[in-house]
Amino acid sequence: MCEQLRKQGITDTRVLQAMERVERHWFLDSALDALAYEDRALQIGAEQTISRPSTVAMQSQLLAVEPGMKVLEIGTGSGYQAAVLDRMGARVFSIERQKSLFDHTRPLLAAMGYRVRCFLGDGYKGLAEVNYGPYDRIIVTCGAPEIPEALMSQLKTGGIMVIPIGNDETQQMLRVTKNGPSEEEWSVERYGDYSFVPMLGGRQMR
Ligand code: SAH
């Protein structure tokens with residue numbers, strides 16, 4: 001899998017080493033064992049999917065994580081992306097809005113020895129009520145209609161957010177660098193088209 005990722009332009013050795021060590025099949029139903037190391041998104045229940053390994057690698061590389069950084073993830077899902085960031089040396093905080101996934105993944109990550117802190121809630125708002133921020137990095141693993149202001153306010157100055165922005169079908173991967181508090185000071189780079197499950201918030205919470 002990692003050989004394939006190198007060919008696809010993943011050069012960050014911390015990403016490659018972490019993805020070499022984190023076994024993706026533990027984050028999936030055992031019925032999917034045979035497919036776990038293919039570059040495919042797969043079902044994880046609650047109508048959600050684990051992202052393709054190449055997408056996890058690309059988002060992790062764009063995030064430019066250094067050991068010890070505080071990283072906030074929106075969309076814990078299977079926990080795989082969070083585990084990769086943990087293995088890269090990040091202090092990971094992750095929010096999931098679906099209770100069934102939260103109830104499954106939080107103990108799974110703990111049992112495997114990952115120190116990811118999991119929260120149930122609406123990631124559109126970030127983690128404002130508990131005081132762990134501001135974060136060095138924010139990674140959004142569901143498609144958002146726009147850059148959530150609440151998340152930008154929880155990002156450190158100089159921090160980076162990687163987020164797919166678009167509609168329910170396709171999104172563009174954006175890397176937003178927060179050079180200062182006001183929107184005019186944010187710089188945005190675009191990294192191609194992706195297809196994530198939509199970010200659901202507020203009214204749509206189930
Ligand atoms: N990072 C995950 C990807 C899971 S798919 C992994 O490695 O498996 C995206 C996840 O985002 C889904 O689990 C979905 O339930 C969750 N999600 C969608 N909207 C959300 C929101 N507003 N807040 C938090 N999580 C959300």
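This section reports on the structure supplied with the text. None of these values were measured; they are calculated from a predicted model.

Moving on: the overall build of the protein chain. A tally of helices and strands in the protein chain yields 6 helices and 9 strands. Here the C-alpha atoms of the protein chain give a radius of gyration of 16 Å, agreeing with the 17 Å that 2.2 N^0.38 yields for 206 residues. Projecting the C-alpha coordinates of the protein chain onto the three principal axes gives extents of approximately 45 × 40 × 35 Å. Considering only contacts within the protein chain whose residues lie at least 6 apart along the sequence, 51% involve residues at least 24 apart.

Let us now look at the side chain of S60. Relative to the helices and strands, S60 resides in helix α3 (residues 53–63). On the basis of relative accessible area, S60 is assigned to the buried category, the value being 0%. Within the local environment of S60, its side chain forms a polar contact with the backbone oxygen of V56, the two atoms lying 2.7 Å apart. When sequence neighbours within four positions are dropped, the list of residues in contact with S60 reads V15, Q81, V84, L85 and M88.

This part is about the sheet that holds strand β3 (residues 70–74). Spatially, the 7 strands line up as an open sheet ordered β5-β4-β3-β6-β7-β8-β9, and their pairing is mixed. Both outer strands of the open sheet, β5 (117–120) and β9 (186–194), are each paired with one neighbouring strand and no more. Across this sheet, the average inter-strand angle for adjacent strands is 15 degrees, counted without regard to direction. Pairing of strand β4 (residues 91–96) with β5 involves 4 bridges; the strand directions are parallel. Bridge assignment links E96 to a residue of β5, and that residue is L120. The sheet strands contacting helix α5 (residues 99–111) are β4 and β5, and the helix crosses β5 at an angle near 165 degrees.

Moving on to helix α2 (residues 13–21). Restricting attention to buried positions, one finds in α2 the residues V15, L16, A18 and M19. All buried residues of α2 project into a common sector of 165 degrees when viewed along the axis, lining one side. Relative to its buried face, α2 has exposed residues pointing more than 90 degrees away, namely T13, Q17, E20 and R21. Where α2 is buried, its residues touch α1 (2–7), α3 and α4 (80–87). You can read the cap of α2 off the contacts: a side-chain oxygen lies 2.9 Å from the backbone nitrogen of R14, and it is on D12.

For the rest of this paragraph, the subject is the site of the ligand. Around the ligand there are 26 residues in total, and S78, E96, D122, G123 and L200 lie nearest to it. A distance of 2.6 Å separates an oxygen atom of the ligand from a polar atom in the side chain of S78. Separating a nitrogen atom of the ligand from a backbone N or O atom of L200 is a distance of 2.5 Å. Protein contact buries 99% of the 580 Å² of open area that the ligand shows by itself. Counting residues per element, the ones that place at least two in the shell around the ligand are β2 (48–50), β3, α4 and β4. The biggest single contributor to the shell around the ligand is β2, with 3 residues. In the shell around the ligand, the residues fall into 11 nonpolar, 11 polar and 4 charged.

By secondary structure assignment, the location of G113 is in the loop between α5 and β5. We classify G113 as partly exposed; its relative accessible area is 45%. Along the backbone, G113 and A83 are 30 residues apart, and their C-alpha atoms lie at a distance of 9.5 Å.

About the cut-offs
Residues numbered from 1 in each chain as written. Predicted model: local features only at pLDDT ≥ 70, side-chain atom pairs only at ≥ 80, totals over all residues. Heavy atoms only, no water. Helix = DSSP H or I, 4+ residues; strand = E, 2+ residues; numbered from the N terminus. Rg over C-alpha atoms; globule rule 2.2 N^0.38 Å. Contact = heavy atoms within 4.5 Å. Buried < 20%, exposed > 50% of the residue type's maximum accessible area, 1.4 Å probe, protein only. Polar contact = N/O pair within 3.5 Å; in protein donor to acceptor, adjacent residues only side chain to side chain. Pairing = 2+ DSSP bridges. Axes fitted to C-alpha atoms, helices over the stretch in contact; angles between N-to-C directions. Arc of directions from axis to C-beta. Near = heavy atom within 4 Å. Areas by Shrake-Rupley, 256 points an atom, 1.4 Å probe, with all protein chains shown as cover. Nonpolar A, V, L, I, M, F, W, Y, C, P; charged D, E, K, R; others polar.

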